[in-house]
Amino acid sequence: VLLVGGIERMECLYRKFIETRGGVFEYHAGHTRTVKALERCILRADVVLCPVNCNSHGACLMVKNLGKKHNKPVKMLPNFG
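Overview of the structure.

Scoring rules and cut-offs
- Residues numbered from 1 in each chain as written.
- Predicted model: local features only at pLDDT ≥ 70, side-chain atom pairs only at ≥ 80, totals over all residues.
- Heavy atoms only, no water.
- Salt bridge = Lys/Arg side-chain N within 4 Å of Asp/Glu carboxyl O.
- Helix = DSSP H or I, 4+ residues; strand = E, 2+ residues; numbered from the N terminus.
- Buried < 20%, exposed > 50% of the residue type's maximum accessible area, 1.4 Å probe, protein only.
- Arc of directions from axis to C-beta.
- Contact = heavy atoms within 4.5 Å.
- Pairing = 2+ DSSP bridges.
- Axes fitted to C-alpha atoms, helices over the stretch in contact; angles between N-to-C directions.

1. As for the pattern of salt bridges
Step number 1: Taken as a whole, this structure holds five salt bridges when the rule is applied.
Step number 2: Linking Glu11 and Arg15 is a salt bridge whose minimum nitrogen-to-oxygen distance equals 3.1 Å. Here the residue Glu11 and the residue Arg15 both occupy positions in helix α1 (residues 11-19), the gap between them amounting to four residues, near one helical turn.
Step number 3: Take Arg15: its relative accessible area is 28%, and that puts it in the partly exposed class.
Step number 4: What emerges from the salt-bridge pattern is a single network uniting Glu11, Arg15 and Glu19.

2. Examining helix α2 (residues 35-44)
Step number 1: When we look at burial in α2, the residues that qualify are Leu38, Glu39, Cys41 and Ile42. Seen along its axis, α2 keeps its buried residues to an arc of 160 degrees; they face one direction. Counted as exposed and oriented over 90 degrees from the buried face of α2: Lys36 and Arg44.
Step number 2: Check the buried side of α2 and you find it contacts β1 (2-4), β2 (26-28), β3 (48-51) and α3 (57-69).

3. Here's the deal with the sheet that holds β2
Step number 1: Taken in spatial order, the four strands of this open sheet run β2-β1-β3-β4, and their pairing is parallel. Every other strand in the sheet has two partners, leaving β2 and β4 (74-77) as the edge strands with one partner each. Taken over all neighbouring pairs, the strand axes of this sheet differ in orientation by 20 degrees on average, direction set aside.
Step number 2: With two bridges connecting them, β1 and β3 associate as parallel partners. The residue bridging Leu3 from the neighbouring strand is Leu49, located in β3.

Here is the structure:
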């Protein structure tokens, strides 16, 4: 499970939530200056979660486009909660 954006200081809580349920968690802060790093993360993911209220419009669009390009399911979440 790849989470793009969200509240960075809560990464450990997101990780614990996913991994205690048997998942593998990866986090990308959603900074658009690291496009290649984001694309590599998406390539490794089975599913991508992207909270809209914690990301720029450009980052959300990039996640959607990369998900489509690499045939990965992307779930746009209204918030990080």
